[in-house]
Amino acid sequence: MAKKLWGGRFKKKVNKEFFRFQKSISYDYKLANYDILHSRIHIVALKNAKILTPGDAKKMDTALKQILKGIRNKTFKPNLASEDIHTDVQNRVEKKCGKLALKLQTFRSRNDQIVFCEKGYCDDESGNIADLLGEVISSLEFLAVKYKGFHFVGYTHTQRAEKIAFMSYIAAFESMFTRDKERLLEFRKKLTLYIGSGAFKGSSLIKNYDRAIKEFLKKTFEKALSGKIKAVENPPDNVSDRDFIIEFLSILSIVQMHLSRLAEDFILFSTNEFNYMELPEDFCTGSSLMPHKKNPDFMELIRGYTGRIYGNLASILTTMKGLPLTYNRDMQLDKEPLFSSVEIIKDELAVLADFIKGIRLNRNAIVESLKDESLYATALAEYLVKKKIPFGTAHEIVGKLIRYSEDNKCKIRQMGNETLKRFSHCLNKKVVDQIFE
Ligand code: ARG
């Protein structure tokens, strides 16, 4: 068991199994860099409040920068015996600076650190996911351009509806992911990392934070963070607030819903029954028993992961429900669902961009389906409307025509002028040929 940040008031040693149960280091180590950022700003505030000498502040900052270097070059290994990442970082500073490190926790609480760290994580990851969505949008654009001029079969109720341009079918997915990207960027824009809540009511240091943040950002050239980190305005709310995680996971749930709809379409359209598209072989797997199988596993896993992504949102919403103010340890359980959704979505999007570029359309099967005359019924009604026939009447005329065609097993394309004119004087073979093209 590594050194803890508490213990003075306890007579009994902590139960080992309980200690293991309550630890969060195995997952919150991912927040190490944000915890260091918090500490570095805190040190400046302590120096300005004359709690630390400039020399001591510098010594601790150097120690923190060394730990940060290890995180950046991926040599940092969390000490899994620590309770959490905040303790782990504190213990490392103590190793480098001795007893001086005990001043690092002055007027500071992990309640303030954890929400700061999580917001830092959400800030970076919302940006990363927005970039990945950008790549998926580009790959959809690539596919649309590759099949420019192609027609496709449009469905409502999974029943053939109308012929549409393949480009406009694909553009629907582009629009969904563009809205998702905008939602993420909007979320990111309004995210503010507050510092200085103490355990929940702030401390005498608060008045030093604005200056400390400015001084720190100027010294470290961390331009991207300017305006993003602020001295806390409402400490009890800040340590209680997990709205941003709920909001982020809601946005990711919408992204996942869009992904699963795309997956479902591509699974369906690549079946032998439809046969409209060929999924890239290098993203499919076979069957151990049936030699002929080429399965759309990637799409199925995307569809399947929707349960996990929605579940993660439901998990945090339920954890937060009815919690008394302010911080409660229940809130430690916010991280696994957050990390899980972010990692799944990032993995899906990273693979999806290349997958989409590898899709091939099966022109013959599409052309065969496009021969279905019902796909042109709406266009025919529209033509009649242009000829000044009220839409209700036009709808009725075309409906009767389709019915006649079905009852008499006679294609509309094959009907002569005489038959067509029985339904409307505006109909003739030339018109049918044009519309059913
Ligand atoms: N590990 C906690 C969390 O993730 C932060 C620590 C707060 N613990 C405490 N005893 N105040 O929420």
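Above this text you will find the structure in question.
Residues numbered from 1 in each chain as written. Predicted model: local features only at pLDDT ≥ 70, side-chain atom pairs only at ≥ 80, totals over all residues. Heavy atoms only, no water.

> Outline the overall build of the protein, listing residues and values.
Across its full length, the protein holds 17 helices and six strands. For 437 residues, the compact-globule estimate of 2.2 N^0.38 gives 22 Å, and the protein exceeds it by more than 25% at 31 Å. For the protein, the proportion of contacts with a sequence separation of at least 24, taken over those separated by at least 6, is 77%. As presented, the protein carries roughly 22,900 Å² of accessible surface, and 53% of it is formed by carbon and sulfur atoms. Charged side chains in the protein number 73 positive and 55 negative. The centres of these two groups are separated by 7 Å. (Helix = DSSP H or I, 4+ residues; strand = E, 2+ residues; numbered from the N terminus. Rg over C-alpha atoms; globule rule 2.2 N^0.38 Å. Contact = heavy atoms within 4.5 Å. Areas by Shrake-Rupley, 256 points an atom, 1.4 Å probe, with all protein chains shown as cover. Lys, Arg positive; Asp, Glu negative; His and termini not counted. Charge placed at Lys NZ, Arg CZ, Asp CG, Glu CD.)

> If you had to explain the site of the ligand to someone new, which residues and values would you point to?
Close to the ligand lie S24, D84, R110, N111, I114, Y327, Q332 and K335, which account for all nearby residues. In the environment of the ligand, a nitrogen atom lies 3.5 Å from a nitrogen or oxygen atom belonging to the side chain of R110. Measuring from an oxygen atom of the ligand, one finds a side-chain N or O atom of Y327 at 2.6 Å. Against a free-state accessible area of 350 Å², the protein chains account for coverage of 87% of the ligand. It is helix α6 (residues 110–146) that provides the largest number of residues to the shell around the ligand, a total of three residues. Classifying every residue of the shell around the ligand gives two nonpolar, three polar and three charged. (Near = heavy atom within 4 Å. Polar contact = N/O pair within 3.5 Å; in protein donor to acceptor, adjacent residues only side chain to side chain. Nonpolar A, V, L, I, M, F, W, Y, C, P; charged D, E, K, R; others polar.)

> Give a detailed account of the pattern of salt bridges, specifying residues and quantitative values.
Summed over all chains, the structure comprises 28 salt bridges. Salt-bridge contacts for E215 lead to K47; the nearest nitrogen and oxygen are separated by 2.5 Å. Of the two residues, E215 sits in helix α8 (residues 206–220) while K47 sits in helix α3 (residues 32–48), which places them 168 residues apart along the sequence. Owing to a relative accessible area of 29%, E215 belongs among the partly exposed residues under this scheme. (Salt bridge = Lys/Arg side-chain N within 4 Å of Asp/Glu carboxyl O. Buried < 20%, exposed > 50% of the residue type's maximum accessible area, 1.4 Å probe, protein only.)

> Lay out the packing of α6 against helix α7 (residues 166–190) in plain terms, naming residues and giving numbers.
Close contact between α6 and α7 brings their axes to 9 Å; oriented N to C, the two are set at 165 degrees. Overall, the two elements α6 and α7 adopt an arrangement that is roughly antiparallel. Between α6 and α7 lies a crossing whose hand is left-handed. Partitioning the contact of α6 with α7 into residue classes produces 18 nonpolar, four polar and seven charged. (Axes fitted to C-alpha atoms, helices over the stretch in contact; angles between N-to-C directions. Parallel < 35°, antiparallel > 145°, perpendicular 65-115°, else oblique. Left-handed = near helix turned anticlockwise from the far one by under 90°.)

> Describe the side chain of S139, naming the residues involved and giving the relevant values.
Along the polypeptide, S139 turns up in helix α6. Residue classification places S139 among the buried residues on the basis of a relative accessible area of 0%. For S139, the side chain forms a polar contact with the main-chain oxygen of V136, separated by 2.8 Å. If we skip the residues at most four places from it in the chain, S139 touches A353, I356 and K357.

> Run through the state of the cysteines, naming residues and quoting values.
Summed over all chains, the structure comprises zero disulfides. C117 supplies the cysteine sulfur nearest to C122, a cysteine that is in no disulfide, at a spacing of 11 Å. Accessibility expressed as a relative area gives 0% for C122, which makes it buried. (Disulfide = S-S within 2.5 Å.)

> I'd love a proper account of α3, names of residues and values included.
Along its 17 residues, α3 runs 25 Å from first to last C-alpha, staying within 8% of the 24 Å computed at 1.5 Å per residue. Downstream of α3 by a residue or two, K50 has a phi angle that is positive, lying close to 65 degrees. (Expected span 1.5 Å × (residues − 1).)

> Please give an account of the packing of helix α11 (residues 297–320) against helix α12 (residues 335–357) that cites residues and values.
With their axes 10 Å apart at the nearest point, α11 and α12 run at an angle of 155 degrees to one another. Classified by the angle their axes make, α11 and α12 are roughly antiparallel. Here α11 and α12 pass one another in a crossing that is left-handed. Only P337, S340, S341, I344, I345, E348, V351, L352 and F355 of α12 make contact with α11, whose side of the interface consists of F298, M299, I302, Y305, R308, I309, N312 and S315. Looking at the contact of α11 with α12 residue by residue, the classes come out as 11 nonpolar, four polar and two charged.

> Can you lay out the nonpolar core for me, pointing to particular residues and giving the numbers?
F266, M299 and L352 are the most contacted members of the largest nonpolar core, which totals 93 residues. Once you skip the residues sitting within four places of it in the chain, F266 turns out to touch Y169, F173, M277, L279, M299, F355 and I359. Judged by nonpolar contacts, the second largest core, of 36 residues, contains M60, C97, L104 and L193. (Core = buried A, V, L, I, M, F, W, Y, C linked by side-chain atoms within 4.5 Å.)

> Before we move on, could you go through the packing of aromatic side chains and cite the residues and values that matter?
Summed over the entire model, instances satisfying the criterion amount to 21 aromatic pairs. With centroids separated by 5.5 Å and ring planes inclined at 90 degrees, the aromatic side chains of Y169 and F173 adopt a geometry described as edge-to-face. Taken together, the positions of Y169 and F173, both in helix α7 and four residues apart, correspond to about one turn of that helix. Across this residue pair, the class does not change: Y169 and F173 are buried. (Phe/Tyr/Trp six-rings, centres within 6.5 Å; stacked < 30°, edge-to-face > 60°.)

> I'd love a proper account of the pairing of strand β1 (residues 151–156), names of residues and values included.
Relative to strand β2 (residues 159–165), β1 runs antiparallel, the two being bridged by six bridges. Counterpart to H151 in the pairing with β2 is A165. Between β1 and β2, which pair antiparallel and follow one another directly, the connecting turn spans two residues, one of which, H157, has a positive phi of 55 degrees. (Pairing = 2+ DSSP bridges.)

> Kindly report on unusual backbone geometry, identifying the contributing residues and their values.
Residues L325 and T326 are joined by a peptide bond in cis, for which omega reads 5 degrees. Structurally, T326 can be placed in the loop between α11 and α12. For K74, which is not glycine, the phi torsion reads 65 degrees and is therefore positive. The topology assignment puts K74 in the loop between α4 (54–72) and α5 (85–97). A positive phi angle, near 50 degrees, is found at K409, a position not held by glycine. As for its placement among the helices and strands, K409 is situated in the loop between α15 (391–407) and α16 (417–423). On the accessibility criterion, K409 (75% relative accessible area) is exposed.

By themselves these figures say nothing about function.
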